[in-house]
Amino acid sequence: PKSHFTLPSGDTIPSVALGESAPDIASLTSHFILIYAPGVWQAGGRELGEAVKIALAAGYRHFDGAWAYRNEHDVGNAIVESGVPREDIFITSKLWNSFHAPEDIEASLDESLSRLRTSYLDLYLIHWPIAFKKEPYLNGRIEIDEALTADPYPTWKKLEELVDKGKIRNIGVSKYENLTSNPLKYRPAVNQVELSFGNPQPELLAWAKLHDVLLEAYSPLGSSRQVKETLELPIKIAKELGITPAQVIISWHVQRGVVVLPKSVHEGRIRENFEIVALPQEDFDLIERAAVSKAPQRVINPSKEWGLDYDIFA
Ligand code: A2P
């Protein structure tokens, strides 16, 4: 199986990363309007720091986080304490919705960099295809910035500038279907989306391959409500190959040409999720055919909480 993919910049990106959103993030709707409050996530954070160290020992060199997870300091501390050289590690962070205005981006990036204890990110993504106005957000309310949501070109231009400044090596998006019709200096290298057995998005994958955009799969085993059911599907193939159902599914993702971001804070699973195999073609085809969209497709869909009068995924 592929241990890395290559980005348009020529950088390589490890095909399996440790996902870092807080374990119960999907159930915490307040997450989406909470501003940074030190201490809020510390219990989860200590657990995450341990998970990062376990992952590094198991061979992971790719960590997928975000400003909004509010645990980047735990990741940064764990990486520094591990002694693994920074240049051996691929670090992703994401620009939160409330900082899309060009004049707000660099300060937010700098905050992520300082919490992660690094001078550059390997990959910086626009977290959602939607822009909030900053001030109401910082006061606990959400107002949509219609202009920047309709065309994030100014946001993207600022990100390109930060690439040229050396603070970011690659830029991309998350959950996007359309970025802008303006000409770009650097095209999005990555689109991070929900991809799983119950939401395989074959059309999006085909489009991404055609346009040389690498897809990254969050919730690759399905949402926490779907994981148990999802892991029952490949039991037979797993037994035949002598691996676990989770390993079948993660291997399937990589074989589809997708970066996988499994999330776990348990040592056994962290190790398990990193051990991928090359599936025999007939097993791959079987899984590809069995993967069909089922409701609920989206683990996280905050459209209502954000007061949108439309479904962001519709
Ligand atoms: P845990 O952290 O207890 O291991 P998400 O949709 O947010 O990515 O959630 C994925 C869920 O799948 C997590 O709650 C995680 O729980 C669980 N999980 C991760 N890896 C495995 C695995 N190999 N086997 C079973 N469950 C897993």
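Just so we're clear, the structure is a prediction, and the values are computed from it rather than from any experiment.

Rules behind the numbers
- Residues numbered from 1 in each chain as written.
- Predicted model: local features only at pLDDT ≥ 70, side-chain atom pairs only at ≥ 80, totals over all residues.
- Core = buried A, V, L, I, M, F, W, Y, C linked by C-beta atoms within 7 Å.
- Buried ≥ 20, exposed ≤ 12 C-beta atoms within 10 Å, placed from the backbone.
- Contact = placed C-beta atoms within 7 Å.
- Pairing = 2+ DSSP bridges.
- Helix = DSSP H or I, 4+ residues; strand = E, 2+ residues; numbered from the N terminus.
- Near = placed C-beta within 6 Å.
- Nonpolar A, V, L, I, M, F, W, Y, C, P; charged D, E, K, R; others polar.
- Right-handed = clockwise from strand over helix to strand, strands pointing away.
- UniProt positions renumbered as here; feature names shortened; annotations may be inferred.

Enquirer: Report on the nonpolar core, specifying residues and quantitative values.
Expert: Membership of the largest hydrophobic core comes to 67 residues, with the highest contact counts inside it found for Leu-18, Val-52, Ala-55, Tyr-124, Ala-217, Val-259 and Val-260. Here Val-260 is in contact with Ser-15, Val-16, Ala-217, Pro-220, Ile-250, His-253 and Val-254, once residues within four sequence places are set aside. Listed in part, the 5 residues of the second largest apolar core include Trp-128, Ile-130, Phe-132 and Tyr-137.

Enquirer: Describe the sheet that holds strand S7 (residues 171–174), with residues and values.
Expert: The 8 strands lie next to each other as S3-S4-S5-S6-S7-S8-S9-S10, forming an open sheet whose pairing is parallel. Across the chains shown, the open sheet's two edge strands, defined by having one partner strand only, are strand S3 (18–19) and strand S10 (259–261). Pairing analysis gives 4 bridges linking strand S5 (residues 90–95) to strand S6 (residues 123–126), with the strands arranged parallel. Paired with Ser-93 across the strands is Tyr-124, a residue of S6.

Enquirer: Describe the environment of Val-84, and please don't skip the residues or the numbers.
Expert: For Val-84, the position within the fold is in the loop between helix H2 (72–82) and S5. C-alpha of Val-84 to C-alpha of Lys-53: the two residues are 31 residues apart in sequence and 9.9 Å apart in space. Residues within four places of Val-84 in sequence aside, it is in contact with Leu-56, Ile-79 and Ile-89.

Enquirer: Go over the site of the ligand with me, naming the residues and quoting the values.
Expert: Within the structure, the ligand sits among 18 residues, and Ser-219, Ala-246, Lys-263, Ser-264 and Arg-269 are positioned closest to it. Only helix H8 (227–232) and helix H11 (267–274) provide two or more residues apiece to the shell around the ligand. Ranked by the residues each element gives to the shell around the ligand, the list is headed by H11, at 3 residues. Of the residues that constitute the shell around the ligand, the class distribution is 8 nonpolar, 7 polar and 3 charged.

Enquirer: Tell me about unusual backbone geometry, and please be specific about residues and values.
Expert: Positive phi outside glycine occurs at Lys-175, with the angle close to 65°. Along the chain, the position of Lys-175 falls in the loop between S7 and strand S8 (190–194). A residue is classified by how many C-beta atoms lie within 10 Å of it, and Lys-175, with 20 of them, is buried.

Enquirer: Describe the pairing of S5, naming the residues involved and giving the relevant values.
Expert: Burial of S5 is extensive: 6 of the 6 residues sit out of reach of the surface. Every second residue of S5 is oriented toward a common face, with Phe-90, Thr-92 and Lys-94 on one face and Ile-91, Ser-93 and Leu-95 on the other, all of them buried. In this structure, strand S4 (residues 62–64) lies alongside S5, joined through 3 bridges in parallel fashion. Of the residues in S5, the one forming a bridge with His-62 is Phe-90. The parallel pair S4 and S5 is bridged by H2, and the resulting crossover is right-handed. In this region the chain leaves S5, passes through helix H3 (residues 102–116) and returns to the parallel neighbour S6; the handedness of that crossover is right-handed.

Enquirer: Explain the UniProt feature "domain: NADP-dependent oxidoreductase" (unreviewed entry) in the protein chain residue by residue, including any values.
Expert: UniProt records the feature "domain: NADP-dependent oxidoreductase" (unreviewed entry) at residues 47–290, using the numbering of this structure. What you have in residues 47–290 is 45% helix and 12% strand, and the ends, taken at the C-alpha atoms, are 35 Å apart.

Enquirer: Which residues make up the pairing of S6, and what values do they have?
Expert: Here S6 shows no split at all, with Leu-123 and Leu-125 on one side and Tyr-124 and Ile-126 on the other all buried. One ladder, built from 3 bridges, connects S6 with S7; its direction is parallel. Looking at the pairing, Ile-126 lines up with Val-173 of S7.

Enquirer: Which residues make up the environment of Leu-159, and what values do they have?
Expert: Assignment of secondary structure puts Leu-159 in helix H6 (residues 153–164). The exposure class assigned to Leu-159 is buried, which follows from the 27 C-beta atoms found within 10 Å. Beyond its immediate chain neighbours, meaning those up to four positions away, Leu-159 contacts Ile-105, Tyr-124, Ile-168 and Ile-171.

Enquirer: Summarise helix H10 (residues 245–255); cite the residues concerned and give the values.
Expert: The buried fraction of H10 is high, at 11 of 11 residues. Elements that come into contact with the buried residues of H10 comprise strand S9 (214–218), H8, helix H9 (235–241), S10, H11 and helix H12 (281–290). Trailing H10 by a residue or two, Gly-257 shows a phi angle of about 95°, which is positive.

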